Amino acid sequence: MRYRFPIQLVICAALIFAVAGSAWPQGASSDLSTGQRIDVMRSKLEAMRRSLSSAIASLGAANDKEKKNLDDPRQRLRSLDKEVSSILFEVNDIRAKQERSDKYDHTILDRLETSVTEVNTKVEAGLQSTAGARTGAAVSSGSSSNKKKKGGHLFGLFGGGGSNDKYEELTGTVAAGRDRVLFEEAAKEVRKGNHETGRLLFSTIVNTYPDSAFLPLAKLAIADSFYLEGTSSSLIQAAQAYQDWLTFFPTDPLADDAMLKVAESEMRQMGLSDRDISHARKAEQRLKALLQQYPETKLRPIVEDRLRETQESLAMHNLGVARFYYEARYNKGRGTGLKGSQSRLKEIIDKYPNFSLRDEVLFRLATTYQLEEEPDEAAKYYQELLRNFPNSDYGEKAKEQLSIIGAPIPEPNPARKNVMPAEKSGFMGNLMQQVSGRADITVNGDGVLISKDKKEGTNDLIDEAVKNNGQLPTNLTPMAPVQRSTRPASSNQRPQAPVKNPAQPAGSTPAATPPPGIKP
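Residues numbered from 1 in each chain as written. Predicted model: local features only at pLDDT ≥ 70, side-chain atom pairs only at ≥ 80, totals over all residues. Heavy atoms only, no water.

On to the overall build of the protein, then. Within the protein, the regular secondary structure consists of 21 helices and 0 strands. When burial is assessed residue by residue, the protein has 46% of its 520 residues classed as buried. For the protein, the share of sequence-separated contacts (at least 6 apart) that also reach a separation of at least 24 residues comes to 69%. In the form shown here, the protein has an accessible surface area of approximately 26100 Å², with 52% of it arising from carbon and sulfur atoms. (Helix = DSSP H or I, 4+ residues; strand = E, 2+ residues; numbered from the N terminus. Buried < 20%, exposed > 50% of the residue type's maximum accessible area, 1.4 Å probe, protein only. Contact = heavy atoms within 4.5 Å. Areas by Shrake-Rupley, 256 points an atom, 1.4 Å probe, with all protein chains shown as cover.)

Before going further, it helps to spend a moment on unusual backbone geometry. Even without glycine at this site, Glu373 takes up a positive phi of about 60°. For Glu373, the position within the fold is in the loop between helix 17 (358–371) and helix 18 (375–388).

In this model, helix 13 (residues 255–267) (13 residues) spans 19 Å end to end at C-alpha, consistent with the 18 Å of a helix rising 1.5 Å per residue. Burial of helix 13 is extensive: 13 of the 13 residues sit out of reach of the surface. (Expected span 1.5 Å × (residues − 1).)

Counting 89 residues, the largest nonpolar core has Phe183, Phe202, Tyr242, Phe355 and Leu449 as its most contacted members. A per-element tally of this core places helix 11 (residues 215–229) first, with 9 residues. Setting aside its immediate chain neighbours within four residues, Leu449 contacts Leu217, Leu220, Ala221, Asp224, Leu254, Asp460, Leu461 and Ile462. The next biggest cluster of nonpolar side chains, apart from the first, holds 23 residues, and it includes Met41, Leu59, Val116 and Leu127. (Core = buried A, V, L, I, M, F, W, Y, C linked by side-chain atoms within 4.5 Å.)

Turning next to the pattern of salt bridges. For the coordinates displayed, the defined rule picks out 22 salt bridges. Salt-bridge contacts for Glu304 lead to Arg300; the nearest nitrogen and oxygen are separated by 3.2 Å. A residue pair is termed a helical-turn pair when its members lie 3 or 4 positions apart in one helix, as Glu304 and Arg300 do in helix 15 (residues 300–332) at 4 residues. When its relative accessible area of 30% is taken as the criterion, Glu304 is described as partly exposed. Measuring nitrogen to oxygen at the nearest pair gives 2.9 Å for the salt bridge that ties Glu360 to Arg323. A residue pair is termed long-range when its members are at least 10 positions apart, and Glu360 in helix 17 and Arg323 in helix 15 qualify at 37 residues. Residues joined in a network through salt bridges with shared partners are Arg37, Asp110 and Glu113. (Salt bridge = Lys/Arg side-chain N within 4 Å of Asp/Glu carboxyl O.)

Bringing the side chain of Glu189 into the picture now. Within the element layout of this structure, Glu189 appears in helix 9 (residues 178–191). Despite being buried, Glu189 has no salt bridge partner; Lys192 is the closest side chain of opposite charge, sitting 4.0 Å away. Apart from the residues within four sequence positions on either side, Glu189 is in contact with Tyr167, Asn194, His195, Thr197, Gly198 and Leu201. (Lys, Arg positive; Asp, Glu negative; His and termini not counted.)

Time to look at the packing of helix 13 against helix 14 (residues 278–293). Taken N-terminus to C-terminus, the directions of helix 13 and helix 14 make an angle of 165°; their axes are 7 Å apart at the nearest point. Taken together, the axes of helix 13 and helix 14 are roughly antiparallel relative to one another. The handedness of the crossing between helix 13 and helix 14 is left-handed. On helix 14, the residues touching Asp256, Met259, Leu260, Val262, Ala263, Glu266 and Met267 of helix 13 are His279, Lys282, Ala283, Arg286, Leu287, Ala289, Leu290 and Gln293. Residues that form the contact of helix 13 with helix 14 fall into these classes: 9 nonpolar, 2 polar and 4 charged. (Axes fitted to C-alpha atoms, helices over the stretch in contact; angles between N-to-C directions. Parallel < 35°, antiparallel > 145°, perpendicular 65-115°, else oblique. Left-handed = near helix turned anticlockwise from the far one by under 90°. Nonpolar A, V, L, I, M, F, W, Y, C, P; charged D, E, K, R; others polar.)

Our focus in this paragraph is the environment of Leu260. Counting through the fold element by element, Leu260 comes out in helix 13. Leu260 sits 30 residues away from Leu290 along the chain, and the two C-alpha atoms are 7.2 Å apart. If we ignore the near neighbours within four places in the chain, the residues touching Leu260 are Leu287, Leu290, Leu299, Ile302, Val303 and Arg306.

Looking now at the layout of surface pockets. What the largest pocket holds in volume is close to 990 Å³. Lining the largest pocket are 32 residues, and of these Asn120, Glu124, Lys219, Ile222 and Asp244 sit closest to its centre. When residues of the lining of the largest pocket are traced back to their parent elements, those giving at least two are helix 2 (34–59), helix 5 (108–129), helix 10 (195–208), helix 11 and helix 12 (232–248). Of the residues forming the lining of the largest pocket, the biggest block, 7 residues, is contributed by helix 5. Classifying every residue of the lining of the largest pocket by side-chain character gives 14 nonpolar, 11 polar and 7 charged. (1 Å grid on protein atoms, 1.4 Å probe; cavity = no way out; pocket = protein on both sides within 12 Å on 5 of 7 lines; lining within 4 Å. Points joined across faces, edges and corners; volume = space filled by probe spheres on them.)

Let us look at the packing of helix 4 (residues 73–99) against helix 5. Packing of helix 4 against helix 5 leaves a shortest axis separation of 10 Å and a crossing angle of 160°. When the axis of helix 4 is compared with that of helix 5, the two are roughly antiparallel. The handedness of the crossing between helix 4 and helix 5 is left-handed. Partitioning the contact of helix 4 with helix 5 into residue classes produces 14 nonpolar, 3 polar and 5 charged.

Following this line, the structure appears as structure tokens:
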């Protein structure tokens, strides 16, 4: 009976690992899965349809003469709506085939993504060009009553109740000062968790009020809404939306914040180091680019912490591969296995100097050179291990090998005497991490303008923008970050805006699982 609980625990763990292995793939042939690509396209197309439907409804019914006029705003918007619907039909058809496991030409996804990008440009241009025709076209009280009786809501996006009619009128007609109302209402909806509704209201500002002071912040708030939503599909779109905003406003004071969010969007999708590392590589690239383009950013301490965490995962991936190659040597002899291990270990040494298991890397790398009968190279790495990691679990083994080689044993670096080995992670900690399939990282969950959980008595940047009609007080406005990029600033560059100072401190790099024993 005393063995009953341990046996049950082992069985439970085995079942969880089996489920985890089938639920989270070990790698991916591309950055996004087919399902993710389809979800992103559907989200964009459905948002376009809602914007077009609202704009068309605000113009009312066309008479016979207007129906024949192809330049009529209604006809132009309806033509765009048909084009969007046609692409959406194709996307839904591909999704249905994928769910049924039917065969189809996967190159069609590339064509559809191109079509979505092209039609989005057309829709934005169409909505802006027809904004004048919608000016003053407020919905009459009689038509509002009819809509209410029929229960017609904007594609079901707005729920029942009085606020439904308010939003339909806000998004459907154009009036002076309405951009501020839209901006304020959109922020409220995003904070309530109604991200899709908030995005429609922000998009109305972008597409209908091209001269609005709120336009740059509305575009940034759309990216925030995706980031706050936090699903895989939303994070993909958040990274794209932040990047699009940076294209238009590369020298804006909030540009470094937005670029950090691009990297953090990738970090939030990072898997374990033994799985897909494409998101970790992207995050590393974004963080390095941020430090290069904005060398004087006040976010530098946070960026450096994020970079250490991302590189810890990348180095751990390389170490896992090196361990595999090293063990393969015993089955297939020397040659490729040993060389492959050596290559991965050298990459860690060169690229990731702060890796928490650097002592193991040094020991393994020295061992590969010793097996290749290059004692001088082996001694160099054994000695570095003893100098910089005097308390390492590999210290005694390194001393033994140096004695065999006949090389001197160095004194430890006084500044490194108190450096201890990485902490060992417990069984349950490793188990839960394997089940979640997610990297253990520190990422700020707030957007640039909108925080995830607003604290009582505090204001987000978006609150300051509402108070000041799209601008921010001078006392909150820092210098624009210094750029090394040669990209020209947009003519729509808004005046200064504050850099948000994330309050969440960066966490320390999680300790990795201790390495297995090295074969003699």
